[in-house]
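Letter by letter, the chains look like this.
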Amino acid sequence: MISMYTDAHVHILDTIEELDSQNIENPIFKTFDKEIFFCASANEAGRFEVQEKLCRENTGNFILSFGVHPQCPIENEIPYLEKLINSKKIAAIGECGFDLFDEHYKSTLEEQKKVWKVQLELALKSGLPIVVHCRKGLHLIFDDVKTIKKINAVIFHGWAGSVNEARSLLKKGVNAYFCIGKGLLRGQKTQIETAANLEENRILTETDAPYMRLKEEKFSLPTDIKKVFSELAEIRAESAGFLNYDEQNYKNYTEDLKVSIFENFKKAYSIDFKRNVNVKGN
Ligand SMILES: [Zn+2]
């Protein structure tokens, strides 16, 4: 099997709609890339189904997640989440977590806590990993460390914590993975620090397309994962003292890193390629 780029968190349907609304030609062609294996996320029943169909029609290299997003913490979608778990249609629960970024989101904290608890219970019961969305709420994640360390894997999308906070979760027994995304290209300090220093077996890459964009961009694309990955490779090579690289050496280095990150992705999402029905032709 060839090594692939991995996008641990992306919104395929939202990306296609964004391209459509900007009158960009061939939105489907621009959204799917055969070199990328991804986890597409949704938080609404109808949208989940449209996204699933689009993915099926255009690639074999995907898995799906569904969760009640902390920015919209309503319980209406919980029965649908349970249905997806029981029919084995999703590889992860999420996005779930906390968003305390502004006053509006802060005002829904009690609702956020409620849907978070329900989703933790479902993760424990089903054995599925969770994809965590967390802005300014890391203390609340730490409060629940006793529960989340029993969850199979905890994938932090949009990781904005320090490398010490990442290691602290690991030390407390949480099987955590941390996504490096476009924050790295934006020069976000904690992303650079995590990219440079965190143990290789805990790193994932993501785009969160179309949302996590650079200042000069209107939106981001799933193919931006290639830029994220090459920046990550460069930062890690430099921090490992891998400076006087000749071209072939550096190529081998990045290829190894790509393979490792794909391995992390498979572990985090418990993908068994021999059994996974989503995967064909690899
Ligand atoms: Zn997202």
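Look above for the structure.
Sequence positions are assigned chain by chain, starting from 1 and proceeding in written order. For a predicted model such as this one, the threshold for reporting local features is a pLDDT of at least 70, and the threshold for listing and counting side-chain atom pairs is 80 or more; totals across whole chains, interfaces and linings nevertheless cover every residue.

Student: Before we move on, could you go through the overall build of the chain and cite the residues and values that matter?
Tutor: Scanning the chain for helices and strands turns up 13 helices and eight strands. With the principal axes as the frame, the chain shows a C-alpha extent of 55 × 45 × 40 Å. Any residue whose C-beta has 12 or fewer other C-beta atoms within 10 Å is treated as exposed, any with 20 or more as buried, and any in between as partly exposed, C-beta atoms being built from the backbone. Counting the 282 residues in the chain, one finds 41% classified as buried. We call two residues in contact when their backbone-placed C-beta atoms lie within 7 Å. Within the chain, residue pairs in contact and separated by at least 24 positions form 75% of the contacts whose partners lie at least 6 positions apart. Strands here mean DSSP runs of E at least two residues long; helices mean DSSP runs of H or I at least four residues long; both are numbered from the N terminus.

Student: Please give an account of the packing of helix α1 (residues 12-21) against helix α3 (residues 45-58) that cites residues and values.
Tutor: Axis separation between α1 and α3 bottoms out at 8 Å; the angle between their running directions is 85 degrees. With respect to α3, the axis of α1 lies roughly perpendicular. Each of Ile12, Leu13 and Ile16 in α1 lies in contact with α3, whose residues at this interface are Arg47, Val50, Gln51, Leu54 and Cys55. Within the contact of α1 with α3, the residues separate by chemical class into six nonpolar, one polar and one charged. Axis angles are defined between N-to-C directions and span 0 to 180 degrees, where every axis is a line fitted to C-alpha atoms and, for a helix, only to the segment in contact. Roughly parallel covers angles under 35 degrees, roughly antiparallel covers those over 145, roughly perpendicular covers 65 to 115, and oblique covers all other angles. Any residue outside Ala, Val, Leu, Ile, Met, Phe, Trp, Tyr, Cys, Pro, Asp, Glu, Lys and Arg is labelled polar, Gly included; the first ten of those are nonpolar and the last four are charged.

Student: Can you explain the sheet that holds strand β2 (residues 36-42)? Please cite residues and give values.
Tutor: When DSSP finds two or more bridges between a pair of strands, those strands are recorded as paired. A sheet is described by the order of its strands in space; here eight strands give the open sequence β1-β2-β3-β4-β5-β6-β7-β8, paired in parallel fashion. Both outer strands of the open sheet, β1 (5-10) and β8 (203-205), are each paired with one neighbouring strand and no more. Recorded for the sheet is a direction-independent mean angle of 25 degrees between the axes of neighbouring strands. As judged from the four bridges shared by strand β5 (residues 130-135) and strand β6 (residues 154-157), these two strands associate in the parallel manner.

Student: Summarise the nonpolar core; cite the residues concerned and give the values.
Tutor: Of all hydrophobic cores here, the largest spans 70 residues; its most connected members are Ala92, Ile130, Val154, Ile155, Phe156 and Leu204. In terms of residue count, the dominant contributor to this core is β2 (six residues). Those residues in contact with isoleucine 130 that lie beyond four places of it in its chain are Ala92, Ile93, Gly94, Cys96, Gln119, Ala123, Ile151, Val154 and Ile155. Each nonpolar core comprises buried Ala, Val, Leu, Ile, Met, Phe, Trp, Tyr and Cys residues, the members being joined through C-beta atoms within 7 Å.

Student: For the environment of asparagine 249, give the residues involved together with the corresponding values.
Tutor: Relative to the helices and strands, asparagine 249 is located in helix α13 (residues 247-268). C-beta crowding within 10 Å serves as the criterion here: with 12 such atoms nearby, asparagine 249 is assigned to the exposed category. Each C-alpha atom of the pair asparagine 249 and lysine 30 lies 32 Å from the other, and the pair is 219 residues apart in sequence.

Student: Please set out the pairing of strand β4 (residues 92-99) residue by residue, giving values where relevant.
Tutor: Most of β4 is tucked away: eight of the eight residues are buried. Bridging between β4 and β5 involves six bridges; their strand directions are parallel. Paired with phenylalanine 98 across the strands is cysteine 134, a residue of β5.

Student: Can you tell me about α13, naming the residues and giving the values?
Tutor: Compared with an ideal rise of 1.5 Å per residue, which puts 22 residues at 32 Å, α13 spans 32 Å between its outermost C-alpha atoms and is within 8% of the ideal. Looking only at α13, the buried set comprises Ile261, Asn264, Phe265 and Ala268. All buried residues of α13 lie within an arc of 100 degrees about the axis, which places them on one face of the element. Seen from the buried face of α13, the exposed residues on the opposite side, beyond 90 degrees, are Gln248, Asn249, Lys251, Asn252 and Glu255. Where α13 terminates, the next one or two residues include serine 270, which has phi positive at roughly 45 degrees. The span you would expect from a helix comes to 1.5 Å times its residue count less one. The reported arc concerns the directions from the helix axis to the C-beta atoms and nothing else.

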